[in-house]
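# Structure at a glance
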Amino acid sequence: MIKVNHSFLEADLNDVLRLFFTEADVECQFDYQPSVLRFRLSYGVNERIGEYSVALPEDALGYRRIFKRYAKVALYEFLSDITGKSLPYGALTGIRPAKLLRQIRAEGEDESDYFLNFLHVKPQKLQLLQQIVEAQADALSEEETAVDLYVGIPFCNGRCSYCSFVSSDINKAGTLVVPYVDALLGEIADTVALIRERGLQLKTLYIGGGTPSSLPLEQIERILSALDGLSPSEYTFEAGRPDSIHTELLELLARHGVGRISVNPQTVHDETLRAIGRRHTFADYERAMALCKDYPFTVNTDLIMGLPGEGTEEFCASLSGVMAHQPHDITVHTLCLKSGSILKEKTERLSADTTEQTSEQAYRMLTENGYIPYYVYRQKYSAGALENTGYSRGKICRYNVHNMEEVCSVLACGANAITKRVFMGESRIERYANPKDIPTYIAKLSAINEGKRKLFGEE
Ligand code: SF4
């Protein structure tokens, strides 16, 4: 826990502390007098006193933003010295890394000096961010009226042991499926009407989860039919688990204009799949990919680094295994154990060094095979304080870029879905969150529709 004399610093400093310790008490004292920021940090018998020459902006937001940056760096350097650990992203926490790089460029600062010398980001990570910012440039400049539409399906076939999403096992929650889809169709109808009334320009449509393909085919068809006629420039169905993909599903998706799907094995090792509670094998992935070859879908495949019992060698075998099937995109996730997952606390985690080495090796293998990194995000509690990176060797997924970089409003339907309105040029985002729990979502449908209409009302 952090004890600090300015409460607005507490959350950010705790993020830095968590990079080094799961539990530790650290005291921090910061005092600013024009052009000098002084600090005193202590942990057990360790103490550091120092200062930065910096003129903090006068406006309240700018003042806090820059104050936090310096406070986090001071704490990172202190803890890094005590522990002898240096982390891949250094003191960079709490902001989307590619967004920060664009911000630093816009402020006219020297990005190498800022990332490498000030934040202590490692050179290979800065290189990754520079490539990503370049690859996603085309998807960043959306107009004020642009909007994405997200449809969430909170059901899966079983529950993976690392999962912390609000997702129900469809085999146990089967009686909720039809009432859920009924409510979802009501929300979709209202949302489509809102798009038309407000003259919003629909850019992308994304059906995610959970595992959308865990629904019975006739329920999927009801949802797809409700979305017919919208003509987004990109339409994704996050199919997910390979064992839920079959010809009838692919036929249905193609008929309704879906252009992107994902087939996610997470690993090629069946023993690991059993250990993490996924009821499929790598052979199911191979079979699903063979079926996809008959359709013009762009296919994404997700893998996870740091699964129990897997090190660099196992992960690289997974990469080779999926690359043999030539998915257009590959997303490399770092295992992230949050509360709510069965695996948390129970797992012997990979060391940070191993995960970092795996991530470097994955980057090399993917880029040597023509995959370009195009979006990145980091989560608290991820192994080795690393990132999740989307690589593509074709058309990038604009929805993912919009979502990670928060450059386009999104109207979101379904339990636990979060609608966001991005006010361009104001660095302002407002949100409306749907209830997580399915029965509450169903019961509150009218209030949800009203809440979203209010958010997208005239300014
Ligand atoms: S498929 Fe995804 S959402 Fe479903 S249980 Fe596994 S990790 Fe969670």
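Residues numbered from 1 in each chain as written. Predicted model: local features only at pLDDT ≥ 70, side-chain atom pairs only at ≥ 80, totals over all residues.

### Description of the overall build of the protein
Secondary structure assignment for the protein yields 15 helices and 17 strands. Here the protein has a C-alpha radius of gyration of 23 Å; the compact-globule value for 459 residues is 23 Å, and the two agree. Within the protein, the proportion of its 459 residues that are buried is 44%. Pairs at least 24 residues apart make up 73% of the contacts formed inside the protein by residues separated by at least 6 positions. (Helix = DSSP H or I, 4+ residues; strand = E, 2+ residues; numbered from the N terminus. Rg over C-alpha atoms; globule rule 2.2 N^0.38 Å. Buried ≥ 20, exposed ≤ 12 C-beta atoms within 10 Å, placed from the backbone. Contact = placed C-beta atoms within 7 Å.)

### A look at the sheet that holds strand β4 (residues 46-53)
Pairing within the open sheet is mixed, and its 4 strands lie in the order β1-β2-β3-β4. The two strands at the open ends of the sheet, each matched to only one other strand, are β1 (2-4) and β4. When the angles between neighbouring strand axes are averaged without regard to direction, this sheet yields 15°. Of the strand pairs in this sheet, strand β2 (residues 26-33) and strand β3 (residues 36-43) are connected by 7 bridges, and their pairing is antiparallel. Counterpart to Gln33 in the pairing with β3 is Val36. Of the strands in this sheet, β1 and β2 are in contact with helix α1 (residues 10-20), which crosses β1 at around 145°. Contacts between helix α2 (residues 60-83) and the sheet are confined to β2, β3 and β4, with β3 contributing the most and set at about 35° to the helix. (Pairing = 2+ DSSP bridges. Axes fitted to C-alpha atoms, helices over the stretch in contact; angles between N-to-C directions.)

### A closer look at the site of the ligand
Neighbouring residues of the ligand: Cys156, Arg159, Cys160, Cys163, Phe165, Ser167, Gly209, Gly210, Thr211, Gly240 and Arg241. When grouped by side-chain class, the residues that make up the shell around the ligand number 4 nonpolar, 5 polar and 2 charged. (Near = placed C-beta within 6 Å. Nonpolar A, V, L, I, M, F, W, Y, C, P; charged D, E, K, R; others polar.)

### A closer look at the pairing of strand β13 (residues 372-378)
Where burial is concerned, most of β13 is hidden: 5 out of the 7 residues are buried. With 6 bridges joining them, β13 and strand β14 (residues 387-392) adopt antiparallel strand pairing. Paired with Tyr375 across the two strands is Gly390, which belongs to β14.

### Comments concerning the environment of Thr298
Summarising the element assignment, Thr298 is placed in strand β11 (residues 298-305). On a C-alpha basis, the gap between Thr298 and Glu58 in space is 49 Å, while along the polypeptide they are 240 residues apart. The residues contacting Thr298, other than those within four sequence positions of it, are Gly259, Arg260, His328, Asp329, Gly394 and Lys395.

### Digging into the domain arrangement of the protein
Entries for the protein in the domain assignment read domain 1 (1-85), domain 2 (87-126) and domain 3 (138-447). Listed per partner, the contact involves 8 residues of domain 2 and 10 residues of domain 3. Counting residues per element, the side of domain 2 that touches domain 3 draws most heavily on helix α3 (residues 97-106), at 3 residues. Looking at the side of domain 2 that touches domain 3 residue by residue, the class counts come to 5 nonpolar, 1 polar and 2 charged. (Domains from an automatic or database assignment.)

### Notes on the packing of α3 against helix α5 (residues 123-135)
As a packed pair, α3 and α5 sit with axes 9 Å apart at the nearest point and diverge in direction by 80°. Comparing the axis directions of α3 and α5 gives the class roughly perpendicular. When α3 is examined against α5, the residues Pro97, Ala98, Leu101 and Arg102 are found in contact with a partner set consisting of Leu129, Ile132 and Val133. Its residues placed into classes, the contact of α3 with α5 shows 6 nonpolar, no polar and 1 charged. (Parallel < 35°, antiparallel > 145°, perpendicular 65-115°, else oblique.)

### Focus on the nonpolar core
Ranked by size, the top nonpolar core spans 110 residues in total, and within it Leu13, Leu75, Ile132, Tyr150, Ile223, Ile261 and Val263 carry the most contacts. Broken down by element, this core gets its largest block of residues, 7 residues, from α2. Apart from the residues within four sequence positions on either side, Leu75 is in contact with Leu13, Val16, Cys28 and Leu41. (Core = buried A, V, L, I, M, F, W, Y, C linked by C-beta atoms within 7 Å.)

### Topic: the packing of helix α6 (residues 177-197) against helix α15 (residues 445-455)
For the pair α6 and α15, interaxial distance at closest approach is 10 Å and the crossing angle is 20°. Taken together, α6 and α15 sit at an angle that is classed as roughly parallel. Relative to α15, α6 is oriented so that their crossing is right-handed. For the pair α6 and α15, the contacting residues are Ala183, Gly186, Glu187, Asp190, Thr191 and Leu194 in the first and Leu445, Ile448, Asn449, Lys452 and Arg453 in the second. Within the contact of α6 with α15, the residues separate by chemical class into 4 nonpolar, 3 polar and 4 charged. (Left-handed = near helix turned anticlockwise from the far one by under 90°.)

### Examining helix α13 (residues 398-405)
Most of α13 is tucked away: 8 of the 8 residues are buried. Along α13, the residues classified as buried are Arg398, Tyr399, Asn400, Val401, His402, Asn403, Met404 and Glu405. Two residues or fewer after α13 comes Glu406, characterised by a positive phi angle close to 50°.

### A look at unusual backbone geometry
Cis geometry marks the peptide bond from Gly209 to Gly210; its omega dihedral reads 15°. The residue Gly210 is located in the loop between β8 (201-209) and α7 (217-227) in this model. Not every positive phi belongs to a glycine, and Ser35 is a case in point at roughly 75°. Inspection of the secondary structure assignment puts Ser35 in the loop between β2 and β3.

### Observations regarding the environment of Val133
Here Val133 lies in helix α5. Residue classification places Val133 among the buried positions, given that 20 C-beta atoms sit within 10 Å. In this structure Val133 touches Ala98, Leu101 and Arg102, once residues within four positions along its chain are discounted.

### What about the environment of Cys413?
Positionally, Cys413 belongs in strand β15 (residues 409-413). Residues within four places of Cys413 in sequence aside, it is in contact with Tyr150, Val151, Gly152, Leu184, Glu187, Ile188 and Thr191.

### Brief notes about the pairing of strand β9 (residues 234-240)
Burial analysis of β9 places 7 of its 7 residues in the buried class, the great majority of the element. Here β9 shows two buried faces, one formed by Glu234, Thr236, Glu238 and Gly240 and the other by Tyr235, Phe237 and Ala239. Where β8 meets β9, 4 bridges bridge the pair, whose relative direction is parallel. Along β9, the bridge assignment pairs Thr204 with Glu234. Following the chain from β8 across α7 to the adjacent parallel β9, one finds a crossover that is right-handed. Handedness of the crossover is the feature at issue here: the chain leaves β9, passes through helix α8 (residues 247-255), returns alongside strand β10 (residues 260-263), and the resulting connection is right-handed. (Right-handed = clockwise from strand over helix to strand, strands pointing away.)

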